[in-house]
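Per-entry structural report
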Amino acid sequence: MSHWRWLRRFAPWLIFSVALWLLISTFDWAALSRILLDIDLTLAIVVASALVIGGFLVRGVRSWALLRRMGCKCPLVPCVLSGFVGGGLANVTPGQFGEAFRIEMLHSVGYLNRSTGYALFLGERLVDLLVLVGGGLIVVSLGLATTDSHWTLLGIAGGLCVVASAGLLWLAFGPIPKRFLIMQTSLRHVLVRPDLLGINVVGSAISWFFILMLWDVLMRSVGVDLPLIDVAYVMIVVMLAMIASFIPGGLGVSEVVAAALLIDFGVEADRAEAAAIALRIASLESAAVGVIAWLCWIQLRNRLWKTQT
């Protein structure tokens, strides 16, 4: 086994082990448990769930609009439902790549071919990453950063963006195996057509705004009341750490990084730790919404099969 393959296989487990050890050993579980017992359930469950659904809806409509512009006649409801299922899986899979399952769902009922679907998925993920890092640079440029560490973190994220962009540009314009040529054509359209790029960027920005409001609501549910721009910085750095760690759902990593950032912003340690744990509620709500959407999808798929036979 080469050194690169060894690193790729074991590094996520090493990161997970360290993050989990820090989570268990450094968090004051007695103090944060008392705070969590007083959580505002209206904010944490009702409002937060509505924001999760709203964010998934935006992403589903974005995919539908992009597919329509690419000549695919995929109906809106199946596209949105598959997006809900994919969004639920994204929160429990490495690098959030479980979202790609929605492509298989639409392909299974004949609404989408894989080459177009995976080109769309890769284009969406790249734009999501670029919008996230771009938002971070804007936040830092507004004067939020007071230490070099903030710039360092976003510099690393920017480097990841460059690598990801170079990889996708090579897939879109470089020499690739013949079996991927159909996907290459679709990927070129996603990356360079102004109408597709505009829909992609706007949809991504709106969906990230829903996530930002979700994080703000969950923090407020345990008494952490920060300016929205501070919440944005915490969200951006934590999301990038989760994606880079390649740990399913960023378990352990998100809690440790979020708590450290909140303490850096002046939040008391026990309340910062409680807020970091409360943010995990979003993953549970996303998974629940994904399960409900999957049950609805099964009913829809059965109806489609009955009409075709």
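Data block above holds the structure.
These lines cover the structure that appears in this document, whether it is placed above or below. (Residues numbered from 1 in each chain as written. Predicted model: local features only at pLDDT ≥ 70, side-chain atom pairs only at ≥ 80, totals over all residues. Heavy atoms only, no water.)

**Here we look at the packing of helix α3 (residues 41-69) against helix α4 (residues 76-90)**
Contact geometry of α3 with α4 gives a least axis separation of 8 Å together with a crossing angle of 130°. It follows that α3 is oblique to α4 by the angle criterion. Relative to α4, the crossing made by α3 is right-handed. Of α4, the residues touching α3 (which contributes Ile 53, Phe 56, Leu 57, Gly 60, Val 61, Ser 63, Trp 64 and Leu 67) are Leu 76, Cys 79, Val 80, Phe 84, Gly 87 and Gly 88. (Axes fitted to C-alpha atoms, helices over the stretch in contact; angles between N-to-C directions. Helix = DSSP H or I, 4+ residues; strand = E, 2+ residues; numbered from the N terminus. Parallel < 35°, antiparallel > 145°, perpendicular 65-115°, else oblique. Left-handed = near helix turned anticlockwise from the far one by under 90°. Contact = heavy atoms within 4.5 Å.)

**A short note on the side chain of Ser 115**
Structurally, Ser 115 can be placed in helix α6 (residues 114-144). Judged by relative accessible area, which is 18%, Ser 115 ranks as buried. Among the polar contacts made by the side chain of Ser 115, one reaches the side chain of Asn 113 at a distance of 2.7 Å. The residues contacting Ser 115, other than those within four sequence positions of it, are Ile 182, Met 183 and Ser 186. (Buried < 20%, exposed > 50% of the residue type's maximum accessible area, 1.4 Å probe, protein only. Polar contact = N/O pair within 3.5 Å; in protein donor to acceptor, adjacent residues only side chain to side chain.)

**A word on a nonpolar patch on the surface**
Nonpolar side chains collect at one region of the surface, where Leu 41, Ile 45, Val 46 and Val 47 lie side by side and expose about 340 Å² of accessible area between them. Residue placement: Val 46 occurs in helix α3. The exposure class assigned to Val 46 is exposed, which follows from its relative accessible area of 55%. (Patch = residues over 30% accessible without salt bridge, like charges linked within 9 Å, V, L, I, M, F, W, Y side chains within 5 Å. Areas by Shrake-Rupley, 256 points an atom, 1.4 Å probe, with all protein chains shown as cover. Salt bridge = Lys/Arg side-chain N within 4 Å of Asp/Glu carboxyl O.)

**Structural notes on the nonpolar core**
Of all hydrophobic cores here, the largest spans 72 residues; its most connected members are Leu 214, Trp 215, Met 219, Val 224, Met 235 and Leu 262. For this core, the element with the highest residue contribution is helix α10 (residues 228-245), accounting for eleven residues. By size, the runner-up hydrophobic cluster in this structure holds seven residues, among which are Leu 126, Met 183, Leu 187 and Leu 191. (Core = buried A, V, L, I, M, F, W, Y, C linked by side-chain atoms within 4.5 Å.)

**What to know about the packing of aromatic side chains**
Evaluation of the coordinates by the stated rule reveals three aromatic pairs. Taken together, a centroid distance of 6.0 Å and an interplanar angle of 50° make the contact between Phe 101 and Trp 294 tilted. Of this pair, Phe 101 sits in helix α5 (residues 101-108) while Trp 294 sits in helix α13 (residues 280-308), and the two are 193 residues apart along the sequence. Since its relative accessible area comes to 35%, Phe 101 is described here as partly exposed. Residue Trp 294 is classed as partly exposed on the basis of its relative accessible area, which comes to 29%. Judged by centre distance (6.2 Å) and plane angle (85°), the ring pair of Tyr 233 and Phe 265 falls under edge-to-face. Of this pair, Tyr 233 sits in helix α10 while Phe 265 is found in the loop between α11 (253-264) and α12 (269-278), placing the two residues 32 residues apart along the sequence. (Phe/Tyr/Trp six-rings, centres within 6.5 Å; stacked < 30°, edge-to-face > 60°.)

**Digging into the side chain of Thr 116**
Topologically, Thr 116 is positioned in helix α6. Residue contacts for Thr 116: discarding those within four places in its chain leaves Leu 67, Met 70, Cys 72 and Ser 186.

**Some points on the environment of Gly 55**
One can find Gly 55 in helix α3. Using a relative accessible area of 8% as the deciding quantity, one classes Gly 55 as buried. The sequence separation of Gly 55 and Trp 208 amounts to 153 residues, and the corresponding C-alpha distance is 7.7 Å. Not counting residues up to four positions away in its chain, the partners in contact with Gly 55 are Ser 207 and Phe 210.

**A word on the packing of α3 against helix α9 (residues 194-220)**
Each pair of packed helices gets described by two things: the angle between the helix axes and the distance between those axes. Look at α3 against α9: their axes get within 9 Å of each other, and the N-to-C directions meet at 175°. Between α3 and α9, the angle is such that the two are roughly antiparallel.

**Thoughts on α11**
In this model α11 runs 17 Å from its N-terminal to its C-terminal C-alpha over twelve residues, within 8% of the 16 Å that 1.5 Å per residue would give. Taken residue by residue, α11 has Val 253, Ser 254, Glu 255, Val 256, Ala 258, Ala 259, Leu 261 and Leu 262 as its buried positions. Directly after α11, the chain includes Gly 266, whose backbone phi takes a positive value near 95°. (Expected span 1.5 Å × (residues − 1).)

**Here's the deal with the pattern of salt bridges**
Where charged atoms of side chains with opposite charge meet at close range, the side chains can pair. With the rule as written, the count across this model stands at eleven salt bridges. In this structure, the salt-bridge partner of Glu 124 is Arg 102, at a minimum N-O distance of 2.3 Å. With Glu 124 in helix α6 and Arg 102 in helix α5, this residue pair connects regions lying 22 residues apart in the sequence. The two residues Glu 124 and Arg 102 agree in class, both being buried. Each of Arg 59, Arg 62, Arg 102, Glu 124, Arg 125 and Asp 128 takes part in salt bridges that share partners, so that together they form one network.

**So, the environment of Ala 274**
Checked against the element boundaries, Ala 274 lands in helix α12. Placed 50 residues apart in sequence, Ala 274 and Val 224 show a C-alpha to C-alpha distance of 9.2 Å. Ignoring sequence-local partners within four residues, the contact set of Ala 274 consists of Leu 32, Ile 35, Leu 36 and Val 222.

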